[in-house]
Amino acid sequence: MNKNSNFCTVYLFFKLNKKKIINDPVYGFISIPSAIIFDLISHPYFQRLRYIKQLGMTHLVYPGALHTRFHHAIGAMHLMSLAVEVLRSKGHSITPEEEEAATIAILLHDIGHGPFSHALEHSLVKGIRHEDISMFVMEQLNAEFDGRLTFAIDIFRGRYHKKFLTQLISGQMDLDRMDYLNRDSFFTGVSEGVISFDRIIKMFNVLDNELVIEEKGIYSIEKFLIARRLMYWQVYLHKTVIAGEQVLVKILKRAKALAVEGGLLFASPALGHFLKEEVSEQEFFSQGIHLSQFMKLDDQDIFTAIKVWRDHPDRILSRLCRMLTDRNLYKVEISNAEPDQERVKMLKENTAELLKLSPEDAGFFVFTDIIMNRAYNAGTGNINILLKNNSIIDIAKASDLSNLESLDKTVQKYILCYPRII
């Protein structure tokens, strides 16, 4: 055998060897279960998730919160394999094709997220939800993979008759939530978010094609719901995290306003596209150029621009960018009652005078908003407990915790933001 044939053999081995292992800090070694899943992970659209932080601005409060949406998607994929194994052990039929399709669906469930996506949805791609973009991207990948994702898309959309597979991907007790609570708790160090994910998965069962939790797992579910509520108030809706996200929203709004007016702004081609274009939802999904540019955006595009905009001649944009990069954020007050409008007016007037701004432009620095938290939404799919007599009951009624039913209510709070110079 000559050198060329040896090289070809080695090359072919590495090309065909797609049974890789990933060392995850939360779960340990994770196996990539099939060749198509390996190819999807290798796709540029999925690799982009390496450069999008899972928790946006949360690292401003918890310095360890630098994990990415790539981490999260791989973790959720791993939990799917554990869940399928448990359900099979309890006598439920799940074919290899069904397992692969459900695994693909959970792997790609967040592929439509943009950088700092919640801020982006308020400024550059208004009214276009990342869930809809994820679905659109899956359809594009399906065309690229010759229809091999059709089954996964049917499960993702809830079209498949085994409803429990869809519930594992999107529901009140889905593997998405299970991974992000576990992972976000790990990287932030907030122990209140720790959940017994392995215990919960072992309590999974199926009744009439619906996902249920065995009765002996009720306390683990209670802890899951309470942990979710606590993580929202301590992490996702922490007032400093809110301050960082609000500064970013105002930066992008100001930059877009300047770009639309013809102002010169440093930006990558992808970011520049969304700064200059007013893209409607209909246009986004009908004109390929918008998705093409969106799938090139990551955290680096945004933060590189912000570093450059620190020195932009527009005083509002430059001040906002310095606030974010120097971590000199808004003062945020959170209350159950709407802020006093006279006080808001006074803060705006003082800010306008101090920074020499018009009353309208002072709105970039003084404003109010609403935040909401709902740990459990029974109306969009109950967490059903399977009792020993084979009947089911909703977790809120099955629990002996008196405050669990209150988790099914939306808690709304008001925020008032203003600069620390006031």
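Sequence order as written defines the numbering, with residues in each chain counted from 1. Since the coordinates come from a predicted model, pLDDT governs what is reported: local features require at least 70, and pairs of side-chain atoms require 80 or more to be given and counted, while whole-chain, interface and lining totals use all residues. The side-chain quantities take in all heavy atoms of the structure and omit both hydrogens and water.

Caption draft 1: Inspection of the nonpolar core at higher detail. If you look at the biggest cluster of nonpolar residues, it comprises 128 residues, and the most contacted ones within it are Phe46, Leu108, Leu175, Met178, Phe204 and Trp309. Under the DSSP-based scheme used, a helix requires at least four consecutive residues in state H or I and a strand at least two consecutive residues in state E, with every element numbered from the N terminus. Tallying contributions element by element places helix H4 (residues 69-89) first for this core, with eleven residues. Ignoring any residue separated from it by four or fewer positions in sequence, one finds Phe204 in contact with Ala83, Val86, Leu87, Lys90, Leu168, Met173, Leu175, Met178, Leu211, Val212, Ile213 and Glu214. In terms of nonpolar packing, the next biggest core, distinct from the first, is built from five residues, Val344, Leu347, Val366 and Leu416 among them. Working definition of a nonpolar core: buried Ala, Val, Leu, Ile, Met, Phe, Trp, Tyr and Cys residues. They are joined through side-chain atoms within 4.5 Å. Only protein chains enter the accessibility calculation, which uses a 1.4 Å probe. A residue is then buried if its area is under 20% of the maximum for its type, exposed if over 50%, and partly exposed in between. Contacts are assigned to residue pairs that have any heavy atoms within 4.5 Å of one another.

Caption draft 2: Representation of the side chain of Asp298. One can find Asp298 in the loop between helix H16 (288-294) and helix H17 (299-309). Whenever a nitrogen or oxygen atom comes within 3.5 Å of another N or O atom, the pair is scored as a polar contact, on the condition that within protein one atom can donate a hydrogen and the other can accept it, and that pairs from neighbouring residues in sequence are kept only if both atoms are in side chains. Among the polar contacts made by the side chain of Asp298, one reaches the main-chain amide nitrogen of Gln300 at a distance of 2.8 Å. Among residues more than four places away in sequence, those in contact with Asp298 are Tyr51, Ile52 and Pro115.

Caption draft 3: Focus on the pairing of strand S9 (residues 411-418). Pairing geometry for strand S5 (residues 331-335) and S9, over five bridges, is antiparallel. When the bridges of S9 are listed, Ser335 appears paired with Tyr414. Relative to S9, strand S6 (residues 367-373) runs antiparallel, the two sharing seven bridges. What sits directly across from Thr368, in S9, is Leu416. The criterion for strand pairing is that DSSP finds at least two bridges linking the strands in question.

Caption draft 4: Seen up close, the sheet that holds S6. If you trace the three strands from one edge of the open sheet to the other, you get S5-S9-S6, paired in antiparallel fashion. Of all the strands in the sheet, the pair left with one neighbour each is S5 and S6. Here the average twist between neighbouring strands, direction ignored, is 30°. To obtain each axis, a line is fitted to C-alpha atoms, and for helices this fit is confined to the stretch in contact; angles are then taken between N-to-C directions over 0 to 180 degrees. Sheet contacts for helix H12 (residues 218-236): S6 and S9; angle to S6, the most-contacted strand, approximately 160°. Packed on one face of the sheet, helix H19 (residues 341-355) meets S5, S6 and S9 and runs near 30° to S9.

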